[in-house]
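An overview of the molecular structure
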Amino acid sequence: MRSQLDDHGGLRHLISLDGLSREALTGLLDRAENYRRFPGQSAYEGRELAGMTIANLFFEPSTRTRASFDLAGRRLGAHVINLDTQSSSRVKGETMLDTIYTLEAMNTDVFVIRDSEAGMPEFLIDHVADHVSVISAGEAHVSHPTQGLLDVLTIRCHKRRFAGLAVAIVGDIKHSRVARSTARALQTLGTSDLRLVAPAPLLPSEVEFSGAQRFIHMDDGIAGADVVMMLRIQKERMAQSADLDDAQYFRQFGLDARRLQRCAADVLVMHPGPMNRGVEISSEVADGPHSVIREQVNNGVAVRMAVLAAIAATLTRKRKPL
Ligand code: CP
């Protein structure tokens, strides 16, 4: 993969957390903490992206990621375009690359891309102009780097450390870009007790997630965990999902108040959303005192502001004179 950093070490693209150092991740988390504002407070308003144009191209559904990139860009002073499959000429057969070239001709500086095709973000960074950046907002089952960052920011805000934490990721890990990015971020930042908990068909292949332990029994996988991250079953990525029985899945892998007692007393309950209540998590737990699910959403805006601001600083050095 091409480097996501420029020759000065500045963030140029963000399509994966693979290859980013602990220092690079920590720098983005520090920047994001400065942008955090809580519901009821005034949102941060800045000019870090003044004069820049961001195109959010969401060719898969999204609520959280799309809304937070839109807000992040506007709160830092950018012009923001939002397109999806139905509202763009892709529905008429235009390719992704022609869409990018069209918007580049309108002085777009940053493309935020969500697409179901693995490899699309890497393809695009090989084709965009020298003064243009690409951020992945979710690539097939492969990568969701800003979700990984917001997850570790949420953990850092509560635990102030990564070493020595036991983190269990539970559910459809095989199809999850969130699990891949969050696991990578955790391991880079020093978490060694990483547990993957899923029915055997939903565990990833043995070559992925090196260093993580695998569990096919939920009670074993979450025992003593400091953080439990629940995942949705991604039926849209399965060839055959009709056989899955939601009630049976909840009995075996759902997180309810009884199971939560197996975790550490101060366990954090996380979920990237969207949640399927009663399938992977009970409402009692999702809305309960251990849940930081809405904090994850709040941190998502701060992380996307941090990533956009870091990229803007890099692009400013590449600006052509008038
Ligand atoms: N977590 C996440 O990516 O949610 P959305 O699909 O709603 O953006």
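Conventions we followed
- Residues numbered from 1 in each chain as written.
- Predicted model: local features only at pLDDT ≥ 70, side-chain atom pairs only at ≥ 80, totals over all residues.
- Heavy atoms only, no water.
- 1 Å grid on protein atoms, 1.4 Å probe; cavity = no way out; pocket = protein on both sides within 12 Å on 5 of 7 lines; lining within 4 Å.
- Points joined across faces, edges and corners; volume = space filled by probe spheres on them.
- Helix = DSSP H or I, 4+ residues; strand = E, 2+ residues; numbered from the N terminus.
- Pairing = 2+ DSSP bridges.
- Axes fitted to C-alpha atoms, helices over the stretch in contact; angles between N-to-C directions.
- Contact = heavy atoms within 4.5 Å.
- Polar contact = N/O pair within 3.5 Å; in protein donor to acceptor, adjacent residues only side chain to side chain.
- Buried < 20%, exposed > 50% of the residue type's maximum accessible area, 1.4 Å probe, protein only.
- Arc of directions from axis to C-beta.
- Domains from an automatic or database assignment.
- Buried area = accessible area lost by both parts, 1.4 Å probe.
- Salt bridge = Lys/Arg side-chain N within 4 Å of Asp/Glu carboxyl O.

Once that is clear, we can look at empty space enclosed by the protein. Applying the stated rule across the entire model yields one cavity of 30 Å³ or more. There is about 60 Å³ of room inside the largest cavity. Around the largest cavity, the lining residues are Arg64, Ser68, Gln147, Leu150, His271, Pro272, Ile293, Gln296, Val297, Gly300 and Arg304. Elements that contribute at least two residues to the lining of the largest cavity include exactly helix 2 (64–75), helix 5 (145–159) and helix 11 (293–316).

Reading across the sheet, the four strands line up as 2-1-3-4 and stay open at both edges, with parallel pairing between neighbours. Every other strand in the sheet has two partners, leaving strand 2 (79–84) and strand 4 (133–139) as the edge strands with one partner each. In this sheet, neighbouring strand axes are inclined to one another by 15 degrees on average, regardless of whether the strands run parallel or antiparallel. One ladder, built from five bridges, connects strand 3 (residues 110–115) with strand 4; its direction is parallel. Paired with Phe111 across the bridge in strand 4 is Val134. Each of strand 1 (53–58), strand 2 and strand 3 is contacted by helix 3 (residues 96–104), which is oriented at about 160 degrees to strand 3, the strand it contacts most.

The next thing to look at is the side chain of Thr154. Along the chain, the position of Thr154 falls in helix 5. In this structure the side chain of Thr154 is engaged in a polar contact, spanning 2.7 Å, whose partner is the backbone oxygen of Leu150. Other than its neighbours up to four places away in sequence, Thr154 contacts Met270, Val292, Glu295, Gln296 and Asn299.

Let us look at the environment of Asp109. With respect to the helices and strands, the residue Asp109 is situated in the loop between helix 3 and strand 3. The spacing of Asp109 and Asp130 is 21 residues in sequence and 10.0 Å in space, taken between C-alpha atoms. The contact partners of Asp109, leaving out residues within four places of it in the chain, are Gly51, Met52, Thr53, His131, Val132, Ser133, Leu315 and Arg319. Of the polar contacts made by the side chain of Asp109, one reaches the backbone nitrogen of Thr53; its length is 2.8 Å.

As a further point, take helix 8 (residues 246–253). Among all positions of helix 8, only Tyr249, Phe250 and Phe253 are buried. Angularly, the buried residues of helix 8 cover 100 degrees about the axis, an arc narrow enough to put them on a single face. The N-capping residue of helix 8, defined by a side-chain oxygen 2.9 Å from the backbone nitrogen of Ala247, is Asp245.

We note that the domain assignment places domain 1 (22–142 + 297–318) and domain 2 (145–293) within the chain. Computed from C-alpha coordinates alone, the two centres of domain 1 and domain 2 are separated by 26 Å. Summed over both partners, the interface of domain 1 with domain 2 buries about 2100 Å², with 58% contributed by carbon and sulfur atoms. Inspection of the region where domain 1 meets domain 2 yields four salt bridges. Between Arg160 and Glu33 there is a salt bridge, with the nearest N and O atoms lying 3.2 Å from each other. For the pair domain 1 and domain 2, the number of links is twelve residue pairs in polar contact (both at pLDDT 80 or more). Those elements giving two or more residues to the side of domain 1 that touches domain 2 turn out to be helix 1 (22–35), helix 2, strand 3, strand 4 and helix 11. Looking at the side of domain 1 that touches domain 2 element by element, the count peaks at eight residues for helix 1.

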